[in-house]
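Secondary and tertiary structure notes
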Amino acid sequence: MDSEAMHDELDRRAAGVADQVVAWRRHLHRHPELSNREVNTARLVADQLRALGLDEVRTGIAGHGVVGVLRGGVPGERVVALRADMDALPVRDLCGTEFAAEVVDADYPGGPFPVSHACGHDCHTAALLGAATVLAGVRDRLPGTVLLVFQPAEEGPPVTEEGGARAMVAAGAFADPVPTMAFGLHVTPHPKGYVGYRVGNQYSASALVRILVTGEQTHGSTPWQGIDPMPAVGAVLTGIGQLYRQVSAFDPVTVTIGHVEDVGRFNIVGQTVTLWGTVRCAEEPDMAGVQRRLTTLAEHSAAAYGATASVEYLQSVPPVHNSGPWVEAGLPTFRRVVGEERVVETGGTLGYDDVSEFVSRFGGLYVMLGVQDAALDAAGRPVPVPGGRGLVTNHNPRFYADDDTLVTGVRLHAHVAYDHLAGTLVPRDAG
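Residue numbers restart at each chain and count upward from 1, following the sequence in its written direction. Local features are withheld for residues below a pLDDT of 70 in this predicted model, meaning they are given only at 70 or higher, and side-chain atom pairs are given and counted only at 80 or more; totals for whole chains, interfaces and linings count all residues. The basis for every side-chain value is the complete set of heavy atoms in the structure, and neither hydrogens nor water enter the calculation.

Some thoughts on the sheet that holds strand S12 (residues 253-262)
Paired strands are those between which DSSP finds at least two bridges. Labels follow the DSSP assignment, with helices taken as runs of H or I lasting at least four residues and strands as runs of E lasting at least two, numbered in each case from the N terminus. Taken together, the four strands give an open sheet; going across it, the order is S12-S14-S10-S15, and neighbouring strands pair in antiparallel fashion. Two strands in the sheet have a free side with no partner beyond their single neighbour: S12 and strand S15 (308-317). For this sheet, the mean inter-axis angle between neighbouring strands, taken without regard to orientation, is 20°. In the sheet, strand S10 (residues 205-214) pairs with strand S14 (residues 272-281) via 10 bridges, with the strands oriented antiparallel. By the bridge assignment, Ala 205 is partnered in S14 with Cys 281. As a rule, the C-alpha atoms of each element are fitted with a line to give its axis, helices using only the stretch in contact, and angles between N-to-C directions run from 0 to 180 degrees.

Let's talk about the layout of surface pockets
If a probe as big as a water molecule is rolled over the atoms, it shows which places are left empty. The distinction between a cavity and a pocket rests on a 1 Å grid over the protein atoms alone: a 1.4 Å probe fits inside a cavity but cannot get out, while a pocket stays open yet meets protein on both sides within 12 Å along at least five of seven lines, and a residue with an atom within 4 Å of a point counts as lining. Grid points are joined across faces, edges and corners, and a volume is the space filled by probe spheres set on the points. What the second largest pocket holds in volume is close to 300 Å³. Lining of the second largest pocket is provided by 19 residues; of these, Pro 157, Glu 162, Gly 163, Gln 315 and Ser 316 occupy positions nearest its centre. Counting only elements with at least two residues in the lining of the second largest pocket, the list comes to helix H4 (165-170) and S15. When residues of the lining of the second largest pocket are assigned to their parent elements, the largest contribution, four residues, is made by S15. Any residue that is not Ala, Val, Leu, Ile, Met, Phe, Trp, Tyr, Cys, Pro, Asp, Glu, Lys or Arg is counted as polar, Gly included; the first ten are nonpolar and the last four charged. Looking at the lining of the second largest pocket residue by residue, the class counts come to eight nonpolar, five polar and six charged.

Some words on the pattern of salt bridges
The term salt bridge refers to a side-chain nitrogen of Lys or Arg lying within 4 Å of a carboxyl oxygen of Asp or Glu. Tallied over the entire structure, the rule returns 25 salt bridges. A salt bridge links Glu 357 to Arg 166; its shortest N-O distance comes to 2.6 Å. Of the two residues, Glu 357 sits in helix H8 (residues 356-362) while Arg 166 sits in helix H4, which places them 191 residues apart along the sequence. A residue is classified by how much of its surface remains accessible, and Glu 357, at 5% relative accessible area, is buried. The network of salt bridges with shared partners includes Arg 25, Arg 26, Arg 30, Glu 98, Asp 122 and Asp 403. Working definition: with a 1.4 Å probe on protein chains only, accessible area under 20% of the residue-type maximum means buried, over 50% means exposed, and in between means partly exposed.

Thoughts on the sheet that holds strand S3 (residues 79-85)
Spatial strand order, S1-S2-S6-S3-S7-S18-S8-S17: eight strands in an open sheet with mixed pairing. Here the strands that pair on one side only, and so sit at the sheet edges, are strand S1 (56-61) and strand S17 (343-345). For this sheet the average axis-to-axis angle between neighbouring strands, irrespective of direction, equals 25°. Two elements, S3 and strand S7 (residues 181-191), share four bridges in a ladder whose sense is parallel. When the sheet's bridge partners are listed, Leu 82 is paired in S7 with Phe 183.

Concerning the nonpolar core
The biggest cluster of nonpolar side chains holds 65 residues, and the ones touching the most others in it are Phe 150 and Phe 334. Examining the composition of this core, we find that 10 residues originate from one element, helix H3 (residues 121-137), more than from any other. Contact between two residues is taken to exist if any of their heavy atoms lie within 4.5 Å; hydrogens are not considered. Not counting chain neighbours up to four residues away, the residues in contact with Phe 334 comprise Phe 183, Val 195, Gly 339, Val 343, Leu 365, Val 367, Leu 412 and Val 416. Within the second largest apolar cluster, 27 residues are counted, among which are Val 233, Met 287, Leu 294 and Leu 297. Here, nonpolar core refers to any group of buried Ala, Val, Leu, Ile, Met, Phe, Trp, Tyr and Cys residues whose side-chain atoms link them within 4.5 Å.

Observations regarding the packing of helix H1 (residues 3-30) against helix H9 (residues 406-422)
For the pair H1 and H9, interaxial distance at closest approach is 8 Å and the crossing angle is 140°. Judged on the interaxial angle alone, H9 and H1 are oblique. When the axes of H1 and H9 are compared, the crossing they make is right-handed. The residues of H9 that touch H1, namely those facing Ser 3, Met 6, His 7, Leu 10, Asp 11, Ala 14, Ala 15, Val 17, Ala 18, Val 21, Val 22 and Arg 25, are Leu 406, Val 407, Val 410, Arg 411, Ala 414, His 415, Tyr 418 and Asp 419. Its residues assigned to classes, the contact of H1 with H9 comprises 13 nonpolar, three polar and four charged. With respect to orientation, any angle under 35 degrees is reported as roughly parallel, any angle over 145 as roughly antiparallel, any angle of 65 to 115 as roughly perpendicular, and every other angle as oblique. Note: crossing handedness is left-handed where the near helix turns anticlockwise from the far helix by less than a right angle, and right-handed where it turns clockwise.

What about the pairing of strand S6 (residues 145-151)?
Across the seven residues of S6, seven count as buried, placing the element largely inside the fold. Alternating positions in S6 separate into two faces, Thr 145, Leu 147, Val 149 and Gln 151 on one and Val 146, Leu 148 and Phe 150 on the other, with burial throughout. Sheet topology note: the strand S2 (residues 65-71)/S6 ladder contains six bridges and is antiparallel. Following the sheet pairing, Val 67 is matched in S6 by Val 149. Summarising the sheet, S3 and S6 pair through seven bridges and their orientation is parallel. What sits directly across from Val 80, in S6, is Val 146.

Some details on the packing of aromatic side chains
Centres within 6.5 Å are what make two rings of Phe, Tyr or Trp a pair, Trp counting through its six-membered ring; a difference in plane orientation under 30 degrees is then read as stacked, over 60 as edge-to-face, and the rest as tilted. Under the criterion given, the structure shown has five aromatic pairs. With centroids separated by 5.4 Å and ring planes inclined at 50°, the aromatic side chains of Phe 174 and Phe 362 adopt a geometry described as tilted. Taken as a pair, Phe 174 in the loop between H4 and S7 and Phe 362 in helix H8 lie far apart in primary sequence, 188 residues in all. The same class applies to Phe 174 and to Phe 362, which are both buried. Among the aromatic residues, those joined into a ring-pair cluster are Phe 174, Phe 358 and Phe 362. Lying over the aromatic face of Tyr 400, Arg 389 brings its terminal NZ or CZ to 4.0 Å of the ring centre. Placement of a charge over a ring requires the Lys NZ or Arg CZ to be within 6 Å of the ring centre, with the centre-to-atom vector within 35 degrees of the ring normal.

Topic: empty space enclosed by the protein
All told, the structure shown has one cavity of 30 Å³ or more when counted by the stated rule. One number sums up the size of the largest cavity: a volume of about 30 Å³. Looking at the largest cavity, the residues that line it are His 29, Arg 92, Asp 93, Cys 95, Ser 116, His 117, Ala 118, Asn 396, Pro 397 and Phe 399. Class assignment for the residues of the lining of the largest cavity results in four nonpolar, four polar and two charged.

Set out below in structure tokens:
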């Protein structure tokens, strides 16, 4: 079978599994699980992969990670790793569908939390299960090996736990066989069926920051008898707005404090206040400088009020980098799958994704898949279409994804896998 006939076969099989992919997605959406707690999601994935008769289904990797190994029936040395993330977010589900989640995790550290797939990982998992089904059906014609990688804790595990992509690598998930390419996709508020790519950093570098401000506890009626950490916290929060002026405006950075946690009650000057946040840098070399300035700001602001501050940076994630040669190699595949006019170059983002741990080690690509009621304006920016559901960003409680687009994700995974194994999706210098 030549490549054109194989591509047609992949598309035919993808269409055949489309309804099942939608069913998987809706089930996963209704039953979301937080990072490092993906017990039932991993069980569903492993059961489906075993039913396909893969050569191996490895479970319990870095918590609840699952890797399926599909060895093709045609000799080949290449190994493609297709990745989907499985975890959900501590966000209410207001997407408005009949399969909206009503899950509350009462035991998660810092909880209880409402839980939802407000980032679209249900779509990623369902699409990769569909691709696994498609590729297993043509395994006798695959010239190499496919690794089907279902990753836990992409959103970041609790700070006292290990997890995510780096932990999967450390656990030996890719030691045998070693990938020659990693590929993944992320659903996003772009026009349905569009593929967005970027040469360079598709996603930013990221780190979690924890700032502990310590004063001296006393009664609220006698603040002069203690040291109130709250004014120092206010100074830190205000001062963060000036950090942007200390780095180049041409390379975006952001510092966001998303959670403030104190210990006490309304009539007590508490001992400690903890700030939790995230540092993002479009260019990884800027990270050290931003962290140094943030640490100085926190320590000196606290000292000005007689308090102290300690700053920790945790869960660092490198940027997702799509190199020019890999993009050049992948564009013909993307254009075949969705049409040339639907493959568009996107701007940068200060979002992060730890798929970077795979792409940076093994080479490969990470792209965006549009799933919302949108069109592109004259400047190439997504805008809502009249009568649609609007544009809703990932992590918003109202985030939504169109089920009809999931089959496009299946096809992207399947075509990328076959093209890489067949030797047509490889950088020129890799032969």
